Amino acid sequence: MGFALSGFGFAAFASILVFHGFCYSSEQAPNFKFLREATSAPPVSYYDYIIIGGGTAGCPLAATLSENARVLLLERGGSPYGIPNITDLTAFGRALSDRSPLSPAQQFISEDGVINARARVLGGGSTINAGFYSRAESEFIDAMGWDGDTVRKSYEWVEKMVAFEPDVKKWQSAVRDGLVEIGIGPYNGFTYDHLMGTKIGGTIFDNDGHRHTAADLLKYANPKRLNVFLHASVHRILFKHKGITRPKAHGVVFRDARGRKHKAYLKANSKNEVILSAGALGSPQLLMLSGIGPWSHLQALNLSLILNNPLVGHGMSDNPMNAIFVPSPLPVEVSLIQVVGITSFGSYIESSCGENFPDNSDDSVPFKGGFILEKIKGPISRGHLLLKSNNPNENPLVKFNYFNEPEDLQRCVDGLKVIESVIESKAFSEYRYGFLSLPNLLNLTAKAKLNLLPKHANLSTSLEQFCKDTVMTIWHYHGGCEVGKVVDSEFRVLGVDALRVVDGSAFSDSPGTNPQATIMMFGRYMGLKILQQRLKNDGSKV
């Protein structure tokens with residue numbers, strides 16, 4: 001039996017598997033009266049808060065601020081509702097493989113040669129990811145200086161709307177039991193908390209296979225105080241200069257799907273703000289397009305200069321992912337990530353499975369099975385982001401420098417050794433062909449077209465080289481607007497007034513095993529903190 005993967009590429013891996021059989025009907029769209037196309041926006045409008053980016057942080061932030069303020073949320077993509085490729089578990093990955101101009105996932109290739117995608121849809125990354133929901137480690141919360149009680153309540157606010165306990169079936173159970181068998185313990189059962197050992201985490205897919213996203217958190221919003229415009233591409237943030245000691249954000253310029261220009265301004269109130277929630281790529285990109293960044297770079301693109309900060313776009317990180325494909329002699333369920341092994345050395349072990357991995361080669365047979373992956377903590381390696389042009393719809397140039405730091409590479413090697421041990425465990429033995437040795441599986445995986453990097457022969461002899469040659473993204477970008485470099489501890493942009501960044505671009509490390517839970521919590525948390533600061537001012541009118 002052949003298992004050649006010569007035609008198996010990144011798009012196929014992103015799809016993870018081609019699901020067959022029953023397809024759930026797509027989720028019905030909520031009756032959001034505040035949700036409209038940007039073509040219906042007035043030429044000029046005024047708000048207390050203008051949020052750029054209706055993603056994983058922007059939606060909960062907007063919902064929270066609307067409790068006591070007039071809010072505008074601008075999203076460059078469309079609605080996630082009524083689109084089975086987004087809402088249905090059985091269609092997972094099709095959105096990531098969609099190359100059309102209106103795709104909810106905008107593909108780009110990093111300067112490292114790794115194929116990536118960024119969300120372009122209301123709900124952000126929570127609309128196109130694998131759905132795993134797990135909170136950050138307590139050390140991350142402490143390092144951010146956040147109030148633990150407010151963090152807990154903010155997580156719970158999110159979880160009431162979008163988080164569920166998964167139905168763990170045979171493949172995932174075998175991975176779980178294999179992890180415990182080889183010593184990744186203790187077994188912590190089902191929990192949202194980040195605990196050393198093996199656990200079942202949450203999911204944003206409900207028991208009917210429907211995805212729930214950050215966009216669902218807009219159900220909490222006050223519909224009389226919120227406007228959400230779709231296909232609203234923000235081109236720049238507007239600043240006041242005259243008569244003040246330093247620049248102050250006071251509005252934005254955005255264009256609708258027909259290319260028509262609109263302006264939105266802040267109402268006259270010292271507490272009003274423009275808030276960037278455009279993601280780890282979008283937020284540093286928009287700061288630069290608005291004149292905040294390294295001056296020499298901005299001057300080269302003939303951009304108006306507001307503030308010289310060479311650290312905008314620096315510290316870009318993406319947690320590298322490496323996987324081993326495992327063909328199965330037994331039928332396997334369709335499942336995305338449900339189980340995680342949290343190791344003591346900084347590697348997280350997860351898995352997904354299904355039937356009929358696509359293979360376009362003529363001389364091989366598609367196989368049923370799955371893959372077991374490892375993602376490293378941190379990472380320590382850092383890269384940078386630069387503008388490719390002054391067009392906000394064009395992806396910036398990004399280099400993540402995967403495995404540039406030796407400690408990151410060692411964590412990958414150690415993680416792969418754990419995966420190998422799980423594959424050889426008694427608990428997992430039913431899901432492995434006996435004639436396929438570990439070197440066979442490594443070389444089988446390495447033949448897949450997972451990235452654009454040059455390949456080396458017989459990678460099974462060097463796990464270090466396997467890590468480098470088969471590196472993929474797990475879409476956990478962060479950095480570019482880091483605390484202490486671009487924003488302060490309250491996420492206000494340094495050197496200017498009335499401008500904040502509330503998204504993963506402010507993070508130096510990725511929180512927990514998978515960041516979406518914490519980024520949604522972060523939006524709620526900061527919304528509460530901003531409202532608290534606002535209401536302390538007796539002169540503030542909302």
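A. Fine view of the overall build of the protein. On a plain count of helices and strands, the protein comes out with 13 helices and 25 strands. Its C-alpha radius of gyration of 23 Å places the protein within 12% of the 24 Å reference for a compact globule of 542 residues. Along the longest, intermediate and shortest principal axes, the C-alpha atoms of the protein span 75 × 45 × 45 Å. Counting over 542 residues, the protein shows a buried share of 63%.

B. Representation of the pattern of salt bridges. Under the defined criterion, the tally for this structure stands at 16 salt bridges. Of the charged contacts in the structure, one is a salt bridge between Asp177 and Arg176, with a shortest N-O distance of 2.9 Å. With a relative accessible area of 36%, Asp177 lands in the partly exposed category. Overall, the relative accessible area of 17% leaves Arg176 in the buried class. Among the charged side chains, a salt-bridge network with shared partners connects Asp149, Arg152, Lys153 and Glu156.

C. Molecular detail of the confidence of the model for the protein. Mean pLDDT for the protein: 91, with 92% of residues reaching 70 or above. Under a pLDDT of 50 for its full length, residues 356-365 has, in the predicted model, 30 contacts with residues more than four places off or in other chains.

D. Fine view of the packing of aromatic side chains. All chains considered together, the criterion is met by 22 aromatic pairs. Both rings, one in Tyr133 and one in Tyr192, keep their centres 5.2 Å apart while their planes meet at 75°; by these two values the pair is edge-to-face. Placement of the pair is Tyr133 in strand E7 (residues 132-133) and Tyr192 in the loop between strand E8 (187-190) and strand E9 (197-200), with a sequence separation of 59 residues. One exposure class covers both Tyr133 and Tyr192, and it is buried. With a centroid separation of 4.2 Å and 20° between ring planes, the pair formed by Trp157 and Tyr220 is classed as stacked. Of this pair, Trp157 sits in helix H6 (residues 148-162) while Tyr220 is found in the loop between strand E10 (202-203) and strand E11 (226-230), placing the two residues 63 residues apart along the sequence. Overall, the relative accessible area of 9% leaves Trp157 in the buried class.

E. A look at the sheet that holds strand E14 (residues 261-266). Here 4 strands make up an open sheet; going across it, the order is E2-E14-E13-E12 and the pairing mixed. Single-partner strands in this sheet number two, and they are strand E2 (44-47) and strand E12 (233-240). On average, each strand axis in the sheet is inclined to that of its neighbour by 25°, with strand direction left out of account. Pairing of E2 with E14 involves 4 bridges; the strand directions are parallel. What sits directly across from Tyr46, in E14, is Tyr265.

F. Molecular detail of the pairing of strand E19 (residues 339-342). Of the two faces of E19, the one holding Val339 and Gly341 and the one holding Val340 and Ile342 are both buried throughout. As judged from the 4 bridges shared by E9 and E19, these two strands associate in the antiparallel manner. For Thr198, the partnering residue across the bridge sits in E19 and is Gly341. Sheet analysis places E19 next to strand E20 (residues 347-354), joined by 2 bridges and oriented antiparallel. From the neighbouring strand, Ile342 faces E20, where its bridge partner is Tyr348.

G. Main features of the packing of helix H2 (residues 58-65) against helix H13 (residues 516-536). The contact between H2 and H13 brings their axes to 7 Å, and the two run at 30°. As far as their axial angle goes, H13 and H2 are roughly parallel. Here H2 and H13 pass one another in a crossing that is right-handed. Of H13, the residues touching H2 (which contributes Pro60, Leu61, Thr64 and Leu65) are Met520, Gly523, Arg524, Met526, Gly527, Leu528, Ile530 and Leu531. Grouping the amino acids of the contact of H2 with H13 by side-chain chemistry returns 8 nonpolar, 3 polar and 1 charged.

H. Local environment of the sheet that holds E11. Ordered by their spatial adjacency, 6 strands build an open sheet running E1-E11-E4-E3-E15-E25, and the pairing between neighbours is parallel. Of all strands in the sheet, those bounded by a partner on one side alone are strand E1 (35-37) and strand E25 (499-501). Strand after strand, the sheet turns through a mean of 20° between neighbouring axes, direction not considered. In the sheet, strand E3 (residues 49-52) pairs with strand E15 (residues 273-276) via 4 bridges, with the strands oriented parallel. Paired with Ile50 across the strands is Val274, a residue of E15.

Quick notes on the rules
- Residues numbered from 1 in each chain as written.
- Predicted model: local features only at pLDDT ≥ 70, side-chain atom pairs only at ≥ 80, totals over all residues.
- Heavy atoms only, no water.
- Helix = DSSP H or I, 4+ residues; strand = E, 2+ residues; numbered from the N terminus.
- Rg over C-alpha atoms; globule rule 2.2 N^0.38 Å.
- Buried < 20%, exposed > 50% of the residue type's maximum accessible area, 1.4 Å probe, protein only.
- Salt bridge = Lys/Arg side-chain N within 4 Å of Asp/Glu carboxyl O.
- pLDDT = per-residue confidence, 0-100.
- Contact = heavy atoms within 4.5 Å.
- Phe/Tyr/Trp six-rings, centres within 6.5 Å; stacked < 30°, edge-to-face > 60°.
- Pairing = 2+ DSSP bridges.
- Axes fitted to C-alpha atoms, helices over the stretch in contact; angles between N-to-C directions.
- Parallel < 35°, antiparallel > 145°, perpendicular 65-115°, else oblique.
- Left-handed = near helix turned anticlockwise from the far one by under 90°.
- Nonpolar A, V, L, I, M, F, W, Y, C, P; charged D, E, K, R; others polar.

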